[in-house]
Amino acid sequence: MERFIQFNDEQIDTMLLMELDDLVKTLIKQKEYSVEFRPHSYLDRKEKKVYVSHFWNHRPFTVMKNGLKTDVFLRAMGNFTHTDVKDLYEFEKQCQSLQFQSFATQVFTLVEDMRIEELCKRERPGTKKAFAVRQEIYLQYFQSQLETNIVKSIHTDALFNVIYLMLFSKSPLLEIPSISESIDLVIPFIRSQLSTCYDAKATSEVVKHCLELMAVLEEVLQKDMLNEYFHLPKVTSQEESKAELLSNIRRVDPLVNDDISKEDHSNKDTFKEEMKTWHRETKESGDHFLQYELEQGTKTNLFSENGRDEKDNNGAWFTLQGSKQQTSNNQYNEMEPTSLRTNYNQNEFKYGKANQHAIPIFLQPHMPTAEDILQYKEKVHKIEIYEKKLTKMIQKTLEQKRTWRREHLHYGRLSKKLTRYFTEERPRLFYKKEANAKEIDAVFTLLVDCSASMFDKMEETTLGICLFHEVLKAVKVRHEIIGFWEDANEATKTEQPNYFNEMITFQTSLQKNKGPEIMQLEPAEDNRDGFAIRLMSERLESCHERQKFLFIFSDGEPAAFGYEQNGVLDTHEAVLEARKKGIEVFNVFLSNQEITEQQRLLLQHIYGHYSILVPNVSQLPEVLFPLLRKLLYRSI
């Protein structure tokens, strides 16, 4: 899709983003967490996201990949496991009284990252190589930033650059240039204070060292930092209270007896016995009310990660009395669903997390007008030569298959050529006629992007759609043609209506009078491709045909409400899911000008090598003709 203004036209490598997303889920062990790009890397516990930094863009692929992975390691392994949220909250409260808050928070983030980096390398030694690349790039970056900030007299930023070089420099004889007279005097103190940070064992110790450092620098610095190199997200009181609750419910008092079971269960024979406890009184399961406080017992090597969920009705410690009377409320079991949307949201992640608030709304085309019929006839006349040629080729192939005979068999009908009986030791004298061939065992779905950017391509696009429809109808192949778009005016954070206009359905695709409805395809609003592909794949999966094809006619990347960051990735995942179901997905990229290398890479990221590029949309019938012929031959 062409945009008049593009503030951020970065194209995301979908395969790399999926790899990072899987890495996050593996390390955190929670499938709700996902990866997104931001100017800075940090962990957002509330939104359940790991943000990786744009800092690594426009670098060699190996450097970029290792850099992004270290962002994930620091957030998913480090901050998630080893950073204490309660200490973060206390640090933020104490920072409010500081004059240079940006400097303080960035120094704290830097030292905390250094601490958890060592923990990550200790837990997973395989991460050392990636972290080595990270340090090398950052050392070069902060060295250049130091020179720039000194020239521009941005003293506070230059001091932060010096602190990074002190912490990570490989040489003990690091030469520190002069920044300002007041800052130069405290450099020995800063060096000694930073040396104690290497011994920090917890977030609370990092907080202590940073506040001690700031107590001196508050009297030396004149301005706060201009640049933000590292970002420390705000900790809400809810997150802090949750962390405090988790710490309070852990057992800290010892058991009455502190013995450990020495019994070895590894070599014991085990057996399983089925105990049938079903009874009509227990047909429906209820809640369990027995609770125990374990104060004494023997420690064993049996562990469990599955805790019992707390419920509001866990304690039945009281009885209620009341009287019967008529109320104004209705019986719940007699209430009807309010709309299709209620039923749809019961499985909100069925069509992808990015589409959890997308609502499918199916429309039926209105009765074709006389103008629609006239336009359709004109388009059919333009593609008539392709339609007749392809139809004739397919029908001829089907006829040959019907009359084809297999010869030289051990059994079947006796052939008139009996020479082999005298010349061969084991003659094959029989033949078989091929059974009447079935019709083409395939089904097609054509999805047409009806976004606003298609306004100058829809006329020629309908020409290619007409070719598909007429050929498939002539060779008796079921198909459907659907235009899709998202209403940008109605879309909100909690509801994004997506419209699907069913021009031609599977039930009506072979009817002779169907076709003029295609003329009702027209550009509308946005396009949420991943959602549309998943929805159509679900319909194709229920079809009985052996070959299933899904075509998406579009003019660029998906764009919809809240879909800018992950639209490409979501569409790519939808394509992979469809192909796993045995559906062949093709993209027909439509353009009215020369296709750029950036657009080629974008389509390759989404559809792989199954994208047909049409630089001149008026040539669409010529491009579709050989493709349709090849697919139909495969289905015979």
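Conventions adopted
Residues numbered from 1 in each chain as written. Predicted model: local features only at pLDDT ≥ 70, side-chain atom pairs only at ≥ 80, totals over all residues. Heavy atoms only, no water. Axes fitted to C-alpha atoms, helices over the stretch in contact; angles between N-to-C directions. Helix = DSSP H or I, 4+ residues; strand = E, 2+ residues; numbered from the N terminus. Parallel < 35°, antiparallel > 145°, perpendicular 65-115°, else oblique. Contact = heavy atoms within 4.5 Å. Nonpolar A, V, L, I, M, F, W, Y, C, P; charged D, E, K, R; others polar. Buried < 20%, exposed > 50% of the residue type's maximum accessible area, 1.4 Å probe, protein only. Pairing = 2+ DSSP bridges. Right-handed = clockwise from strand over helix to strand, strands pointing away. Core = buried A, V, L, I, M, F, W, Y, C linked by side-chain atoms within 4.5 Å. Phe/Tyr/Trp six-rings, centres within 6.5 Å; stacked < 30°, edge-to-face > 60°. Lys NZ or Arg CZ within 6 Å of the ring centre and 35° of its normal. Expected span 1.5 Å × (residues − 1). Arc of directions from axis to C-beta. Salt bridge = Lys/Arg side-chain N within 4 Å of Asp/Glu carboxyl O.

Asks: Go over the packing of helix α8 (residues 187-195) against helix α9 (residues 203-217), please, and point to the residues and values.
Replies: The geometry of α8 relative to α9 is characterised by a closest axis approach of 10 Å and an angle of 175° between their N-to-C directions. Regarding the angle of α8 to α9, the classification is roughly antiparallel. Of α9, the residues touching α8 (which contributes F189, I190 and Q193) are H209, E212, L213, V216 and L217. Split into classes, the residues belonging to the contact of α8 with α9 amount to five nonpolar, two polar and one charged.

Asks: Any details on the pairing of strand β8 (residues 442-449)? Residues and values, ideally.
Replies: Where burial is concerned, most of β8 is hidden: eight out of the eight residues are buried. Of the two faces of β8, the one carrying A442, F444, L446 and V448 and the one carrying V443, T445, L447 and D449 are both buried. Relative to strand β11 (residues 547-554), β8 runs parallel, the two being bridged by seven bridges. Looking at β11, one finds that V443 is bridged to K548. Once you follow β8 into helix α15 (residues 458-474) and on to strand β9 (residues 478-486), the crossover reads as right-handed.

Asks: Pulling in residues and values, what's your account of the nonpolar core?
Replies: One finds F103, L159, F160, I163 and I190 to be the most contacted residues of the largest nonpolar core, which totals 78 residues. A total of ten residues in this core trace back to one element, the largest contributor, which is helix α6 (residues 155-168). Those residues in contact with I190 that sit more than four places away from it in its chain are L159, I163, M166, L213 and L217. By size, the runner-up hydrophobic cluster in this structure holds 48 residues, among which are I394, M503, I612 and L624.

Asks: Outline the packing of aromatic side chains, listing residues and values.
Replies: Using the criterion set out here, one finds 34 aromatic pairs in the structure. Considering the side-chain rings of Y42 and Y51, the 4.7 Å spacing of their centres and the 40° angle between planes classify their relative orientation as tilted. By relative accessible area, Y51 is classed as buried at 4%. Measuring from centroid to centroid gives 5.7 Å for F586 and Y610, while their planes differ by 70°, and the two rings are edge-to-face. Of this pair, F586 sits in strand β12 (residues 583-590) while Y610 sits in the loop between α18 (597-607) and β13 (611-614); the two residues are 24 residues apart in sequence, bridging distant segments of the chain. Judged by relative accessible area, F586 falls into the buried class, the value being 7%. Cation over ring: R59 sits above F55, and NZ or CZ is 4.4 Å from the ring centre.

Asks: Could you give me a rundown of unusual backbone geometry, with the residues and numbers involved?
Replies: Notably, K29 is not glycine yet its phi reads approximately 65°, a positive angle. Assignment of secondary structure puts K29 in the loop between α1 (14-28) and β1 (34-38).

Asks: Mind laying out the sheet that holds β1, listing which residues take part and the relevant values?
Replies: An order of β1-β3-β2 is seen for the three strands of this open sheet, with the pairing classed as mixed. Two strands lie at the open edges of the sheet, namely β1 and β2 (42-44), each paired on one side alone. Neighbour-to-neighbour, the strand axes of this sheet turn through a mean angle of 30°, independent of strand direction. Direction of pairing for β2 relative to strand β3 (residues 49-53): antiparallel, over a ladder of three bridges. Its bridge partner being in β3, Y42 is matched across the sheet by Y51. Sitting on the sheet, α1 is in contact with β1 and β3, with an inclination near 125° to β1. Packed on one face of the sheet, helix α2 (residues 61-82) meets β1, β2 and β3 and runs near 145° to β3.

Asks: For α9, give the residues involved together with the corresponding values.
Replies: Under the 1.5 Å per step criterion, the end-to-end length of α9 is 21 Å for 15 residues, consistent within 8% with the ideal 21 Å. Every buried residue belonging to α9 is among T203, V206, V207, H209, C210, L213, M214 and L217, and all of these are buried. Within α9, the buried residues cover an arc of 165° as seen down the axis, which keeps them to one side. Residues of α9 that are buried in the fold lie against α2, α3 (85-95), α4 (101-123), α6 and α8.

Asks: Let's hear about the pattern of salt bridges: which residues, and what values?
Replies: Under the counting rule described, the total for this entry stands at 29 salt bridges. Residue E36 is joined to K49 by a salt bridge in which the shortest nitrogen-to-oxygen separation is 3.0 Å. Pair noted here: E36 is in strand β1 and K49 is in strand β3, with a separation of 13 residues, a long-range link. Taken individually, E36 and K49 each receive the classification buried, so the pair is uniform in this respect. Between K379 and E459 there is a salt bridge; the shortest N-O distance is 3.0 Å. Remark: E459 occurs in helix α15 and K379 occurs in helix α12 (residues 370-382); sequence separation between them is 80 residues. Judged by its relative accessible area of 6%, K379 is buried. A cluster of three or more residues bridged by salt bridges with shared partners is formed by R534, D570, E573 and E577.

In short, shape yes, function no, at least from these values alone.
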